[in-house]
Amino acid sequence: MSEEIPSLGVCPRCERTLGEEWLLIEYERADGSRGQFAECPECDAVVAPESE
Ligand SMILES: [Zn+2]
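Since the model is a prediction, treat every value here as computed from it, not as a measurement. (Residues numbered from 1 in each chain as written. Predicted model: local features only at pLDDT ≥ 70, side-chain atom pairs only at ≥ 80, totals over all residues. Heavy atoms only, no water.)

Q: Could you give an account of the packing of aromatic side chains, with specific residues and numbers?
A: One pass over the full model with this rule turns up one aromatic pair. Here the aromatic rings of Tyr27 and Phe37 are separated by 5.4 Å at their centres, their planes lie at 25°, and the arrangement is stacked. Here Tyr27 is found in strand β3 (residues 23-28), whereas its partner Phe37 is found in strand β4 (residues 34-40), with 10 residues between them in sequence. (Phe/Tyr/Trp six-rings, centres within 6.5 Å; stacked < 30°, edge-to-face > 60°. Helix = DSSP H or I, 4+ residues; strand = E, 2+ residues; numbered from the N terminus.)

Structure follows, in structure tokens:
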């Protein structure tokens, strides 16, 4: 039995899965879609998570 852990996506640099605990800000793009910035603990940098 596996538990579904909500994640933001993966780090574009190291491909680590970023959980919601790393979310910094959410914003709305001009086209209405949702964008997010998260802090990657591996890269020690702010990244835009990519969906898996
Ligand atoms: Zn990373």
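Q: Any details on the coordination of the zinc ion? Residues and values, ideally.
A: Protein coordination at the zinc ion comes from Cys11 (SG), Cys14 (SG), Cys40 (SG) and Cys43 (SG), with a distance range of 2.3 to 2.4 Å. Linear spacing of the donor residues for the zinc ion on their chain is C-x2-C-x25-C-x2-C. Residue Cys14 is classed as partly exposed on the basis of its relative accessible area of 34%. (Donors = N, O, S within 2.8 Å, 3.2 Å for Na, K, Ca; no water. Buried < 20%, exposed > 50% of the residue type's maximum accessible area, 1.4 Å probe, protein only.)

Q: For the confidence of the model for the chain, give the residues involved together with the corresponding values.
A: For the chain, per-residue confidence averages 92 on the pLDDT scale, and 92% of positions sit at 70 or higher. Across the chain, the element-wise mean pLDDT spans from 94 in strand β1 (residues 7-10) up to 98 in strand β5 (residues 45-47). (pLDDT = per-residue confidence, 0-100.)

Q: Break down the pairing of β4 for me, with residues and values.
A: Where β3 lies against β4, five bridges are found, and the strand directions are antiparallel. Considered in β4, the bridge of Tyr27 is made with Gly35. Connecting β3 to the antiparallel partner β4 that follows it, the hairpin turn spans five residues, and Gly32 within it adopts a positive phi of roughly 90°. As paired elements, β4 and β5 share three bridges and run antiparallel to each other. Bridge pairing in β5 places Cys40 opposite Ala45. Hairpin geometry of β4 and β5 is characterised by an intervening segment of four residues between the two adjacent antiparallel strands and by a positive phi of about 55° at Asp44. (Pairing = 2+ DSSP bridges.)

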